[in-house]
Amino acid sequence: MDFVDCGYANILHFRKKTKDCIPLKGINFPLGFNRDEVFEQTSIYLEQDDIVLFYSNGLVESQSPDGGSFGTERLKEFLFRNASLEPEELTKQLYRREKDFTGSEFFEDDLTYIVVKIDIPVPEKVLLSRQIELSSKMSNLQTLRKFLEDVFDQTEKADAEFTSKLEIAVVE
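Described below are features of the structure shown in this document. For clarity, every value in this text was computed on a predicted model and none was experimentally measured.

Looking only at helices and strands, the protein chain has five helices and six strands in total. Traced from its N-terminal end to its C-terminal end, the protein chain shows the element sequence β-β-β-β-β-α-α-α-β-α-α. Here the protein chain, with 172 residues, has 31% of them falling under the buried criterion. Counting only contacts in the protein chain whose residues sit at least 6 apart along the sequence, the fraction spanning at least 24 positions is 60%. Accessible surface for the protein chain amounts to roughly 12300 Å². Of this, 52% is attributable to carbon and sulfur atoms.

This is the structure:
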């Protein structure tokens, strides 16, 4: 996932594999701080069943009746305990948790959050796998064409439209 943090993003990444919950921050100054700012992208790797939670500060700054804040640590613990839930149920449970914590259905600040759970589809069965290593010299074009022709001949379920497009790309 690529993102640009302009100083206002609140993002938590729950890693299913390691059970870590990490706040994601970019390297940019807040939006409007420097009008000549060139915003840099930050990239992270996501895996199956990871959760990315985007949220407003109202979520962690909500107050209990005794004045304590909900806080980031409580939010991380919530994600850890509820990571097996689907996003829709996770959002409902988080809202219930906030209401229980504050003792109210009304909040001092906005309560905005988006839950994304990574679901990587299982790839279809590979029909055939072959390799060739060539340089980008024009003299190798005929070798590449022959290689692809042989591969297509060996693949009984090759999609005709895909094959045709790939052959055109190689010719061009």
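Still to come is the rest of the account.
As for its position among the elements, Glu108 is in the loop between helix H3 (87-102) and strand E6 (113-117). We classify Glu108 as exposed; its relative accessible area is 85%. Measuring from C-alpha to C-alpha, the distance between Glu108 and Gln63 comes to 8.4 Å, with 45 residues separating the pair along the chain.

This next bit is on the nonpolar core. Core analysis: the biggest nonpolar cluster contains 18 residues, and Leu53, Tyr55 and Leu75 have the highest contact counts within it. At the level of elements, strand E2 (11-15), strand E5 (51-55), helix H1 (57-61), helix H2 (71-82), H3 and E6 are the ones that each hand at least two residues to this core. Other than its neighbours up to four places away in sequence, Leu75 contacts Leu12, Leu53, Tyr55, Leu59, Val60, Phe70 and Leu94. Counting seven residues, the second-largest nonpolar core is a separate cluster that includes Ile11, Leu24, Ile44 and Ile118.

Our focus in this paragraph is the packing of H2 against H3. It is at 11 Å that the axes of H2 and H3 come closest, and there the two elements cross at 140°. Taken together, the axes of H2 and H3 lie oblique to each other. Crossing angle aside, the handedness with which H2 passes H3 is right-handed. Judged by residue contacts, Arg74, Leu75, Phe78, Leu79 and Asn82 of H2 engage Leu90, Gln93, Leu94, Arg97 and Phe101 from H3. Looking at side-chain class alone, the contact of H2 with H3 contains six nonpolar, two polar and two charged residues.

Right, let's talk about the pairing of E5 for a bit. Most of E5 is tucked away, with four of its five residues classed as buried. One ladder, built from four bridges, connects E2 with E5; its direction is antiparallel. Within the sheet, the bridge partner assigned to His13 lies in E5 and is Val52. Sheet topology places E5 next to E6; five bridges connect them, and they run antiparallel. Bridged to Phe54 within E6 is Ile114.

So, about H2. Spanning 12 residues, H2 covers 17 Å between terminal C-alpha atoms, matching the ideal 16 Å at 1.5 Å per step. If you check which residues of H2 are buried, you get Gly71, Leu75, Lys76, Phe78, Leu79 and Asn82. Close packing links the buried residues of H2 with E2, strand E3 (20-24), E5, H1 and H3.

We now examine the pattern of salt bridges. With the rule as written, the count across this model stands at six salt bridges. Between Glu77 and Arg81 there is a salt bridge whose closest N-O contact spans 2.6 Å. Of the two residues, Glu77 and Arg81 both sit in helix H2, four residues apart, roughly one turn of that helix. Residue Glu77 is classed as partly exposed on the basis of its relative accessible area of 35%. Of the charged contacts, one joins Lys146 and Asp150 as a salt bridge, the two residues approaching to 2.9 Å between their closest N and O atoms. Here the residue Lys146 and the residue Asp150 both occupy positions in helix H4 (residues 141-154), the gap between them amounting to four residues, near one helical turn. For Lys146, a relative accessible area of 44% corresponds to the partly exposed category. Judged by relative accessible area, Asp150 falls into the partly exposed class, the value being 29%.

Reading the values: the criteria
- Residues numbered from 1 in each chain as written.
- Predicted model: local features only at pLDDT ≥ 70, side-chain atom pairs only at ≥ 80, totals over all residues.
- Heavy atoms only, no water.
- Helix = DSSP H or I, 4+ residues; strand = E, 2+ residues; numbered from the N terminus.
- Buried < 20%, exposed > 50% of the residue type's maximum accessible area, 1.4 Å probe, protein only.
- Contact = heavy atoms within 4.5 Å.
- Areas by Shrake-Rupley, 256 points an atom, 1.4 Å probe, with all protein chains shown as cover.
- Core = buried A, V, L, I, M, F, W, Y, C linked by side-chain atoms within 4.5 Å.
- Axes fitted to C-alpha atoms, helices over the stretch in contact; angles between N-to-C directions.
- Parallel < 35°, antiparallel > 145°, perpendicular 65-115°, else oblique.
- Left-handed = near helix turned anticlockwise from the far one by under 90°.
- Nonpolar A, V, L, I, M, F, W, Y, C, P; charged D, E, K, R; others polar.
- Pairing = 2+ DSSP bridges.
- Expected span 1.5 Å × (residues − 1).
- Salt bridge = Lys/Arg side-chain N within 4 Å of Asp/Glu carboxyl O.

So far we have only geometry, and geometry alone does not tell us how the molecule works.
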